[in-house]
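Residue strings, one per chain:
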Amino acid sequence: MKIIIVGNGMVGYKFCEKLVAKSEVHLDLTVFGEEIRPAYDRVHLSEFFSGKSAEDLQLAPTSWYTEQGIVLIVGDPILAINRKEKTVSSHSGLTMAYDYLVLATGSSAFVPPIPGVEKEGVFIYRTIEDLEMMQAWAPKAKTGAVIGGGLLGLEAAKAMIDLGVTNTHVIEFAPRLMPRQIDDAGSSVLKSKLETLGLSIHTSKNTTEIVGESAISGMRFQDESTLNVDMLVISAGIKPRDELAIAAQLNVGPRGGIVVNQQMFTSDPAILAIGECALFEGMIFGLVAPGYEMAEVAVASILGTEKVFLGFDMSTKLKLIGVDVASFGDPFIAGSEARSIVFEDKNKGIYKRINISKDGKELLGGILIGDAEQYNLLLQTCKNKVVLPPNPEDVILGSRGGESDGGAGVTSLPDEAVICSCEAVTKGEICGHVIDGAVSIEEIKKCTKAGTGCGGCVPMVKDLVNYTLKSQGIYVRNVICEHFAYSRQELLDLVRLQDLRSYDAVLTAHGNGDGCETCKPLVSSILASLWNELILDKGNDTAQDSNDRFLANIQKGGTYSVVPRIPGGEITPDKLIVIGQVAKEFNLYTKITGGQRIDLFGAHLSDLPIIWEQLIAAGFESGHAYGKALRTVKSCVGSTWCRFGLHDSVSFAIQIEERYRGIRAPHKIKGGVSGCIRECAEAQSKDFGIIATEKGWNLHVCGNGGSKPQHALLLASDLDSETCIRFIDRFLMFYIKTADPLTRTATWLNKLDGGMDYLRNVVVNDSLGIGSELESEMQSLVDNYVCEWKAAVENPEFRKRFSHFVNAPEEKDPTVQFDELRYQKKAQAWK
Amino acid sequence: MVETTKQHWILACPTHDVPENGGVCVKVGDQQIAIFNFTRRGEWYATQNECPHRHQMALSRGMIGSAGEEPKVACPFHKKTFSLKSGECLSGDECSIATYPVEVREGNVFLLIDSHEL
Ligand code: SRM
Ligand SMILES: Cc1cc2nc3c(=O)[nH]c(=O)nc-3n(C[C@H](O)[C@H](O)[C@H](O)COP(=O)(O)OP(=O)(O)OC[C@H]3O[C@@H](n4cnc5c(N)ncnc54)[C@H](O)[C@@H]3O)c2cc1C
Ligand code: SF4
Ligand code: FES
């Protein structure tokens, strides 16, 4: 049987994958693609701007097609179908016969007929080429705009910001953003959130002209206003690619799209259409999951098995933009059949709406903005008609006391519940594989493909794995990796009890195999947290991450950064001069960091010991910018100068930074001290933050910035300095001993049973009776501190390790290259 | 013209220059080769130093270990892992690295290298 597929996009590829997997006989399969690359992951296209290469995005390499016996012809679009002869002909002149023809031509961006759309600097957002063109243009652009405030438009706007066009406008014709997914109230919350990211949002705005000479310089709108822009992305919707079908006189819809039936056949029984070009019951599905389902149905139709397409749920979650937005089921339903529960927190920018049936039993749909953590569960509850708890508002607010457990968890879902909609994997299948012995996410991914598409279901898959194991009576252990069947906390206790001092000793005593990049740094961190011995000693250097092994952060190109400690951000002119001299001598890029100190970038490995020797001679010490250790204790200027200052925040910050410097923890730790409630040191965004009050210090803990910012919570108020330090000792040591690897204090607290109340009980009220033990453990770490850079430069054996070529220690890596930028060097971009 | 490639054993470095359970980089002509002293298994390995993912000269600075029986090295940049035996990428990428035969004789590490690489 000869099958030809037109279009090698996401759905065309999935069709090939499913067909070769299902077919038992040899099929003659030829794929024509118009784009020059084999199919890639369009859903994650925007990651092209955050460092993914075209290759990273590829769904399968060219060799995969060859191995499967598929002939792949890229860069050669099909121009015509001859239905009578059952042949297609391509741009390069190939004519080929088919028994079945599958159209997977996708869609193109819909470009409204606005005068001026042809100007330079106007882009669409669909292919890697489009993105390459944007990338080339962006450095020239200062102000950007996106026409279209839908899912894709917002993604494009975020991409523009990432490209450095920080002044970007979103122009939406409708009165609200994402008009197909969210309601007015949700849109206004989303709008203010996006404005804090730096986007300017204009709704109810109709573009009438794009002005400029050959390139765009501005836009004109129906309300006579204008906007100066030098880059524009049009994202006003999609247009199915049905031109081939129209020319071949197949049935198409009035507004485009190739009409298909439940088996994916077009009006010609030898031609099928799938993906974004196919029109099913008057609808184009602009998402990948329904396309994959269509591919599955088309494979069944060709192989003669029964399978039908019944439409698809259009629930979506917006990715990448930095604000959670999701909508599921029927987000708008109102009136007599439904009641809505709405929760809005304007302060935090959270809006949640759920629509429930009149009897309060069923979830019909909803909208989540600002916090979409419950999305997966709500989607499943809605799709599977799981009965709601007696207080349905619990599902969005969490249980607030009383009996209810805050709504239905994974346990209440039926086996048929589709957990991964990209790959159509059900709860039953996942649990089945767990029972058969697949006990990790990776194994589940391998045997079911669940979680390999958009990745949105991964947290649920994890919950399912744990829940199934538990229900099997298997004690779920949060094990480290294949080499250690313990959790971090268990291993820490063993290492302490048996007084183990090197990675090798720990592996021999409690592990198996030869270790790996997961357990090595983890054990090294435990060893450091327990004993605070020099991390380069006892063969432990090679069990460290590269950054710890060379006591510096590795950067693009393979150079390292040098960050001397500048406690509290206070530095003398003399020391500043030394930093300048060292930077000049070794040609280092210098930058003031976000942590109130100075980072010197671009040092060759072999220069590190000499650089540090000079810095140490001037009184500097390691800043541990490379370690999972204390970074900085940020400080405001405080009462010594500031007219509002209540106490001397700088002195206290320095005292604290010097106390905890060098201590290793499950993740990095940051602190802050502010001299009054104006909080110029941003102490409440740190792992521990101290704010001066009239009577002493307020201590806040478990905050962080980073990708999931969270404010610190008040642990205790009006403390004197000594008590404050005692509480921090206990808090940090308790965290060090009990947290999972690579977990910041905020995440640790979120998982801690009993939360802040429990933590306060342990630290302040000493409910576990371990207060003085924690304090003395911390004291012994503090007493053991030495500057590891000082130790490294003074020890000839250690020093020897800082060379690029072991057989030519004086030579530098010749492949390291720099470019110039604003009178300094910068690392050359990745190849 | 017929090209013949000759292979030579060359002296890389003394064994004590390579840290236990870790790697170093040696310069061989214009080539950079990573040598690993897998003390835990009593084995030695050599691979190209360049990580094919982002073309960084970094593998010798990576952590070594095992996946099942397979000895491997993890690149310090993005933790892609490669088999020290076959050079195959174990993180599911298409790229792979070159590996070289190694021998230890009388306290020195020797590598078997194609002469055109010199
Ligand atoms: C240099 C600096 C940026 C700057 O130019 O200002 C920086 C640079 C890096 N940051 Fe940062 N961070 C810097 C301040 C921050 C801040 C701001 C702050 O501390 O006030 C944050 C948010 C606050 C927070 O951590 O709560 C920050 C959140 C992160 C995160 C996300 C942590 C999280 O919990 O989500 C990472 C990734 C990680 O640690 O896993 C990170 C990781 C990194 C690494 C280490 C990435 C890496 O592994 O190569 C960068 C090293 C650069 C180098 O070669 O030295 N950096 N980083 C800042 C150094 C501060 C210092 O003096 O030590
Ligand atoms: C930036 C972006 C973000 C997205 N995010 C999401 C998301 O988060 N979630 C989601 O579900 N969906 C998302 N989508 C939509 C998703 O990418 C599409 O639903 C999916 O790619 C459709 O697959 P397809 O194969 O039908 O079409 P495509 O992937 O467009 O593939 C069609 C291919 O056919 C080729 N072709 C057309 N005509 C011919 C011809 N005559 N001859 C040969 N080849 C031809 C085209 O060049 C193209 O390569 C996103 C899309 C974009 C652009
Ligand atoms: S310095 Fe921090 S925020 Fe900036 S690129 Fe590096 S890790 Fe990301
Ligand atoms: S450069 Fe080696 S993993 Fe990316």
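Residues numbered from 1 in each chain as written. Chains lettered and ligands numbered in written order. Predicted model: local features only at pLDDT ≥ 70, side-chain atom pairs only at ≥ 80, totals over all residues. Heavy atoms only, no water.

Engineer: Can you explain the overall build of chain A? Please cite residues and give values.
Structural biologist: Helix and strand counts for chain A stand at 26 helices and 38 strands. Taken across its 831 residues, chain A has 54% of its residues classed as buried. Summarising the internal contacts of chain A: among those between residues at least 6 apart in sequence, 62% fall at separations of at least 24. Taken as a whole, chain A presents about 36200 Å² of accessible surface, with 51% of it coming from carbon and sulfur. (Helix = DSSP H or I, 4+ residues; strand = E, 2+ residues; numbered from the N terminus. Buried < 20%, exposed > 50% of the residue type's maximum accessible area, 1.4 Å probe, protein only. Contact = heavy atoms within 4.5 Å. Areas by Shrake-Rupley, 256 points an atom, 1.4 Å probe, with all protein chains shown as cover.)

Engineer: Can you tell me about the site of ligand 1, naming the residues and giving the values?
Structural biologist: All names here are of chain A. If you check the shell around ligand 1, you find 19 residues, and the closest are Thr593, Gly594, Arg597, Lys668 and Gly705. One of the side-chain nitrogen or oxygen atoms of Ser561 is found 2.7 Å away from an oxygen atom of ligand 1. In terms of residue class, the shell around ligand 1 is built from one nonpolar, 11 polar and seven charged. Looking at which domains feed residues into the shell around ligand 1, each of domain 4 (545-627 + 801-831) and domain 5 (628-785) supplies at least three. (Near = heavy atom within 4 Å. Polar contact = N/O pair within 3.5 Å; in protein donor to acceptor, adjacent residues only side chain to side chain. Nonpolar A, V, L, I, M, F, W, Y, C, P; charged D, E, K, R; others polar. Domains from an automatic or database assignment.)

Engineer: Now, about the pairing of strand 30 (residues 589-592) of chain A: what can you tell me, with residues and values included?
Structural biologist: Residues and elements named next belong to chain A. Inspection of the sheet shows strand 30 paired to strand 31 (residues 598-603) by four bridges, in the antiparallel sense. Residue pairing across strands places Thr590 opposite Leu600, the latter belonging to strand 31. Linkage of strand 30 to strand 31, two consecutive antiparallel strands, is achieved through a turn of five residues, within which Gln596 is found at a positive phi near 60°. (Pairing = 2+ DSSP bridges.)

Engineer: Give me the lowdown on the pattern of salt bridges, citing residues and values where you can.
Structural biologist: Residue and element names in this part refer to chain A. Evaluated as defined, the whole model comprises 51 salt bridges over all chains. Linking Arg353 and Asp183 is a salt bridge whose minimum nitrogen-to-oxygen distance equals 2.8 Å. Taken together, the residues Arg353 in strand 25 (residues 350-357) and Asp183 in the loop between strand 11 (167-171) and helix 6 (184-196) connect sequence positions 170 residues apart. The pair formed by Arg353 and Asp183 is uniform in burial state, with each residue classed as buried. Of the charged contacts in the structure, one is a salt bridge between Glu773 and Lys737, with a shortest N-O distance of 3.4 Å. Here the residue Glu773 occupies a position in helix 24 (residues 771-783), and Lys737 occupies one in helix 21 (residues 721-738), the gap between them amounting to 36 residues. In this structure Glu773 comes out as partly exposed when scored by relative accessible area, which is 36%. (Salt bridge = Lys/Arg side-chain N within 4 Å of Asp/Glu carboxyl O.)

Engineer: Residue-level account of the sheet that holds strand 31 of chain A, with values.
Structural biologist: Residues and elements named next belong to chain A. Reading across the sheet, the three strands line up as 29-31-30 and stay open at both edges, with antiparallel pairing between neighbours. Looking at the sheet topology across the chains shown, the edges are occupied by strand 29 (560-562) and strand 30. With direction set aside, neighbouring strand axes in the sheet form an average angle of 25°. (Axes fitted to C-alpha atoms, helices over the stretch in contact; angles between N-to-C directions.)

Engineer: Describe helix 20 (residues 649-660) of chain A, listing the residues and the values that go with them.
Structural biologist: Residue and element names in this part refer to chain A. With 12 residues, helix 20 should cover 16 Å at 1.5 Å per step; its first-to-last C-alpha distance of 17 Å lies within 8% of that length. In terms of burial, helix 20 is a largely internal element, nine of the 12 residues being buried. For helix 20, the secondary structure elements touched by its buried residues are strand 32 (630-635), strand 33 (669-674), strand 34 (688-692), strand 35 (697-701), helix 21 and helix 24. Looking one or two residues beyond helix 20, the residue adopting positive phi is Gly662, at roughly 85°. (Expected span 1.5 Å × (residues − 1).)

Engineer: Any chance you could break down the packing of helix 20 of chain A against helix 21 of chain A for me, citing the residues and the numbers?
Structural biologist: In a pair of packed helices, the angle between the axes and the distance between the axes together describe the arrangement. All names here are of chain A. At a minimum axis separation of 12 Å, helix 20 and helix 21 run at an interaxial angle of 35°. Helix-helix and strand crossings are classified by hand; for helix 20 and helix 21 the assignment is right-handed. Contacts from Phe652, Gln655, Ile656, Arg659 and Tyr660 in helix 20 reach Ser721, Cys724, Ile725, Ile728, Asp729 and Leu732 in helix 21. Classifying every residue of the contact of helix 20 with helix 21 gives seven nonpolar, two polar and two charged. (Left-handed = near helix turned anticlockwise from the far one by under 90°.)

Engineer: Before we move on, can you summarise the pairing of strand 33 of chain A with the specific residues and values?
Structural biologist: Residue and element names in this part refer to chain A. With five of six residues buried, strand 33 is to be regarded as a mostly interior element. In this sheet, strand 33 lies alongside strand 32 in parallel orientation, the contact comprising four bridges. From the neighbouring strand, Val633 faces strand 33, where its bridge partner is Gly671. Following the chain from strand 32 across helix 20 to the adjacent parallel strand 33, one finds a crossover that is left-handed. Relative to strand 34, strand 33 is paired through four bridges, and the arrangement is parallel. Residue pairing across strands places Val673 opposite Ile690, the latter belonging to strand 34. (Right-handed = clockwise from strand over helix to strand, strands pointing away.)

Engineer: An account of the sheet that holds strand 21 (residues 283-284) of chain A is needed here, citing residue identities and associated values.
Structural biologist: Residue and element names in this part refer to chain A. Pairing in this open sheet of three strands is mixed, and the strands run 18-20-21 from one edge to the other. Both outer strands of the open sheet, strand 18 (258-259) and strand 21, are each paired with one neighbouring strand and no more. The sheet contact formed by strand 18 and strand 20 (residues 278-280) spans two bridges and is parallel. Bridge assignment links Val259 to a residue of strand 20, and that residue is Leu279.

Engineer: Requested: an account of the confidence of the model for chain B, with residues and values cited.
Structural biologist: Residues and elements named next belong to chain B. Per-residue confidence for chain B gives a mean pLDDT of 90, with 92% of residues at or over 70. By mean pLDDT, strand 1 (residues 7-14) is the weakest element of chain B at 91, and strand 4 (residues 43-48) is the strongest at 97. In the predicted assembly, ipTM is 0.73 and pTM is 0.56. (pLDDT = per-residue confidence, 0-100.)

Engineer: An account of the interface of chain B and chain A is needed here, citing residue identities and associated values.
Structural biologist: Each side of the interface is counted separately: chain B has 40 residues, and chain A has 44 residues. In total, about 3300 Å² of surface goes out of reach between chain B and chain A, with carbon and sulfur atoms giving 48% of it. Joining chain B to chain A, the criterion identifies seven salt bridges. Across the salt bridge formed by Arg40 of chain B and Asp504 of chain A, the nearest N and O atoms sit 3.4 Å from each other. The interface formed by chain B and chain A holds 23 residue pairs in polar contact (both at pLDDT 80 or more) in total. Breaking the side of chain B that touches chain A down by element, the ones donating at least two residues are strand 1, strand 2 (22-28), strand 3 (31-38), strand 6 (56-57), strand 7 (63-67) and strand 8 (70-74) of chain B. Here the side of chain B that touches chain A takes six residues from strand 2 of chain B, the largest share from any one element. Across the side of chain B that touches chain A, the residue classes tally to 14 nonpolar, 16 polar and 10 charged. (Buried area = accessible area lost by both parts, 1.4 Å probe.)

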